[in-house]
Structures are given as C-alpha cells and as structure tokens.
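# Coordinate inspection notes
So the chains spell out like this:
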Amino acid sequence: DLRFLPLTIMADASQDPPEEESATIPEDWTKVKMTIPKISESIAFGTAKMKTYFDVYIDDKFFRSFRYSQLNMLKSNITKQFKAEGKTLSKFPSKTLLSFNASKDVTEDRRKQLETWLQGVCKIEAITKSNTFQSFMMLKPDYDEIDQDLNQRAQGIVSIPDSDWKQTSQKKGVTLWTLSLEGSNFLVVKSYVKIAVPKKFCLKVYNTKDDWKHWQPDMKVCKTIELVEGSTETNMYKEVIYVSYHIPVVSNRDVSLFYHQRDGSLENPNDANRTTLLSCSVLHPDIPRVKGYIRGELNVSMTDFRSVDGGKATEVISVLHMNPKGMLPSSLVNTMSAHAVDTIVDMREYMEKRFKDEGGDASGADEAAPASPDKKLTTL
C-alpha cells in the first residue's frame with residue numbers, strides 16, 4: 001500500500017469538485033431534516049458487480065451512505081421492538097424491487113420510499129432515542145462483508161493481464177506501472193522494489209506506524225483506531241486505521257482505512273514465502289470528518305511481500321487505486337510519479353540501514369520455503 005498518496009497518479013488533468021461539508025451526529029433526531037437526495041454507485045474492482053448506496057443527508061449536509069441491506073436491517077429491528085410505532089410508518093420498499101437491472105424510474109421510486117420511511121422514523125422520539133436507532137446511526141462496519149468485498153477487489157487485481165500494465169518509470173531500483181480504469185480520472189498504480197532485508201524484518205518495520213515518518217515526512221498521523229482481529233505483532237491481523245497528511249500546495253488529506261494482513265498469497269494462503277496486505281476505505285463512527293482535511297477514498301490496495309534470495313531479501317509489490325478527492329492542480333500531475341519513486345527509495349534505504357545497524361546479516365535471514373508455483377504479478 002505504501003501509504004497511498006505518493007502513489008496516487010492522475011490519468012488526466014481533470015478535477016473533481018470540492019468535497020462537501022459533512023454532518024455530525026445530532027443531539028435530537030426529531031428536529032433534523034433527514035433526506036436521501038441522491039444515490040451513488042460503485043463498481044467492485046475487476047468485476048461487473050455494481051453496488052448501490054443511498055446517500056443520507058442531515059440538514060442538507062452529507063451524513064453517510066447506506067446499503068439497502070443496512071436500512072432493511074434497521075426496519076426489521078424497529079418492527080420487532082416498536083410494533084405499534086412501526087405500523088404508523090410509510091411503506092418500506094421490498095427487496096424484490098432491488099434487481100440488478102432496475103430502471104432509473106424504479107430506482108428513483110425506491111429512493112423516495114426510503115426517504116419518506118426514514119423521515120417518519122426520525123419523527124418518533126421513542127425510536128430515535130432507542131439503542132436500536134442510536135447504535136445503527138453509529139453503525140460500525142460489517143467487517144465480514146468488507147473483507148469479502150476487499151478480497152473480491154484484490155482478485156480483480158490479480159486477474160489483470162501483465163500486458164495491460166504500462167511501465168512508466170524504472171530508476172533507482174524501483175519500477176512503476178499504471179493502468180487506466182474506466183470511469184476514473186485516477187490510474188491504478190503498481191510498484192516494485194527489492195529490499196535487502198529478510199521478510200520478517202521488513203514487515204516488522206513496515207507495521208511500525210511511527211517508522212513511516214522516516215520516508216513519509218508529509219504523513220502527520222498514522223494510528224490504529226480499532227484492532228478488529230489478531231495482533232499487529234504477528235502477520236495475521238485486521239484493524240481500522242486513520243492517516244492524515246499535510247501536503248504542500250494542495251489541501252490536507254486524510255483517510256479512514258480497513259486493513260487485513262495475513263500470511264500467504266491471495267492464490268495460495270499456505271505459501272510461507274509470502275505475506276499479503278489488503279486495504280480499502282471504510283466508514284467508522286470513531287473517525288469523523290476533520291475540519292481542514294479532505295477525506296480521500298482508497299478503492300483498493302494490495303501489497304505482496306515476497307521472501308527471496310534464500311530469505312535474505314524481500315520483494316515488495318504494491319498495487320493501489322485511490323481518489324484523493326477535492327481539487328488538484330494540473331501542475332501536480334507530472335510530479336507525483338517522481339515523488340512516488342523517491343518515497344519507495346527512502347523506505348528501502350531506511351530498512352536496509354536499520355537492519356545493518358541492528359547487526360543484521362545472513363544469519364538473520366528468513367527460513368527459506370519451497371518456491372511457490374504462483375506466477376501472478378511477477379513480470380517485473
């Protein structure tokens with residue numbers, strides 16, 4: 001993943017509109033104007049599957065986006081807990097309407113029905129003050145669903161033919177490739193670097209958030225918000241992190257991310273020579289929008305750590321697709337690639353120097369495992 005922004009490269013000089021102001025959790029839900037003025041869609045990376053989100057606004061400020069399944073879960077819980085009040089609410093759109101090929105008219109009717117239903121819910125104080133409603137609006141991510149979706153996106157990365165990648169840079173031991181993605185102004189970026197340290201040492205440094213300041217001076221905050229599963233001291237863990245940047249020339253950026261690191265590769269979980277790190281943006285109640293920062297969106301990132309040279313070195317191959325959001329000057333486009341290379345070089349040099357300073361040598365190499373037959377992402 002290489003911490004995202006230095007590897008974000010625009011496909012052209014076009015710019016997105018400024019990010020709109022976000023709403024905060026209101027003290028009294030019965031006094032707010034709740035609307036669903038629009039629907040957003042995103043395509044799962046590498047597939048034709050389109051996901052629909054209903055964008056909820058509070059007093060004309062964006063609050064958050066909900067899937068139909070999430071709103072349907074709220075409806076079911078309200079119906080069970082508030083039988084009398086539930087009967088007074090307007091009709092909730094049925095699941096059968098949510099066909100993949102639904103027309104724009106059907107989708108618009110569904111949006112209106114959900115908006116009317118949610119507005120009715122917000123008028124009933126007994127419901128809005130309940131733990132059922134409050135917990136839903138502070139909804140923590142469904143990590144199983146996110147993990148499944150993230151794996152699907154990563155599979156899309158692995159399935160990209162080598163011939164589709166365009167090499168854009170090869171210098172200082174770092175190679176960059178880019179790939180255009182339909183519907184996005186930002187390129188998918190793949191990078192490669194070989195670091196003369198064992199994979200175990202490489203991962204130890206890479207997973208120490210405080211060490212990132214040595215090669216990412218623009219990064220001001222990088223911290224764990226929630227440890228979902230496992231331990232960051234091992235290769236098997238899931239967590240939610242917050243990262244912020246102070247960037248010259250452009251507005252400050254931050255990201256809210258779900259991380260899943262595990263042993264093995266995507267194709268072969270038992271490959272002892274590999275460790276895989278997947279990440280994507282996630283909404284989290286403990287990571288609200290921060291004034292003065294534009295919230296970037298990481299569609300998908302996959303970093304593959306490979307033990308090579310008998311365990312004495314590590315190849316790091318990273319692929320990511322990110323939209324930093326907000327306005328970006330066109331003059332920045334041509335400088336991002338060079339900045340990306342310099343960042344990776346600084347990381348390699350820091351790891352190799354630290355390994356040497358700590359007395360690292362061949363005796364500290366990873367125990368070599370039989371080479372994996374997997375050849376994906378290896379055309380370097």
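Presented here is an overview of the structure given in this document. (Residues numbered from 1 in each chain as written. Predicted model: local features only at pLDDT ≥ 70, side-chain atom pairs only at ≥ 80, totals over all residues. Heavy atoms only, no water.)

This part covers the nonpolar core. One finds Ile195, Val243 and Met351 to be the most contacted residues of the largest nonpolar core, which totals 35 residues. At eight residues, the largest contribution of residues to this core is made by helix α8 (residues 333–357). In this view, isoleucine 195 contacts Cys202, Ala313, Thr314, Val316, Met347, Arg348, Met351 and Glu352; residues no more than four positions away in its chain are not counted. With 28 residues, the next largest nonpolar core counts Trp29, Val56, Phe133 and Phe136 among its residues. (Core = buried A, V, L, I, M, F, W, Y, C linked by side-chain atoms within 4.5 Å. Buried < 20%, exposed > 50% of the residue type's maximum accessible area, 1.4 Å probe, protein only. Helix = DSSP H or I, 4+ residues; strand = E, 2+ residues; numbered from the N terminus. Contact = heavy atoms within 4.5 Å.)

Next up on the list: helix α7 (residues 199–206). Of all eight residues in α7, six are buried; the element is thus mostly enclosed. Lys199, Phe201, Cys202, Leu203, Val205 and Tyr206 are the residues of α7 that are buried.

All right, on to the pairing of strand β10 (residues 274–281) then. Taken across its eight residues, β10 has seven buried, putting it largely inside the fold. Judged from the seven bridges that link them, strand β9 (residues 252–263) and β10 form a sheet pairing that is antiparallel. In the sheet register, aspartate 263 faces β10, and the bridge partner there is threonine 275. Pairing of β10 with strand β12 (residues 297–308), which is carried by six bridges, proceeds in the antiparallel orientation. Looking across to β12, one finds that arginine 274 is bridged to arginine 306. (Pairing = 2+ DSSP bridges.)

All right, on to the environment of tyrosine 237 then. Position of tyrosine 237 relative to the elements: it lies in strand β8 (residues 237–245). Distance in space between the C-alpha atoms of tyrosine 237 and tyrosine 259 is 8.0 Å, their sequence separation being 22 residues. Each residue touching tyrosine 237, except ones within four places of it in the same chain, is listed here: Asn207, Glu229, Gly230, Ser231, Thr232, Tyr259, His260 and Gln261. Engagement of the side chain of tyrosine 237 in a polar contact is seen with the side chain of asparagine 207, the distance being 3.1 Å. (Polar contact = N/O pair within 3.5 Å; in protein donor to acceptor, adjacent residues only side chain to side chain.)

Here we come to the pattern of salt bridges. In this structure the tally under the stated criterion is 22 salt bridges. Between aspartate 254 and arginine 295 there is a salt bridge, with the nearest N and O atoms lying 2.7 Å from each other. Remark: arginine 295 occurs in strand β11 (residues 293–295) and aspartate 254 occurs in strand β9; sequence separation between them is 41 residues. The class of aspartate 254 is buried, set by a relative accessible area of 1%. With its nearest N and O atoms 2.8 Å apart, the salt bridge here joins aspartate 357 to lysine 353. With aspartate 357 and lysine 353 both in helix α8 and four residues apart, this pair spans about one turn of that helix. Residue class for lysine 353 comes out exposed when judged on its relative accessible area of 54%. Connected through salt bridges with shared partners, the residues Glu267, Asp271, Arg274, Asp304 and Arg306 form a single ionic network. (Salt bridge = Lys/Arg side-chain N within 4 Å of Asp/Glu carboxyl O.)

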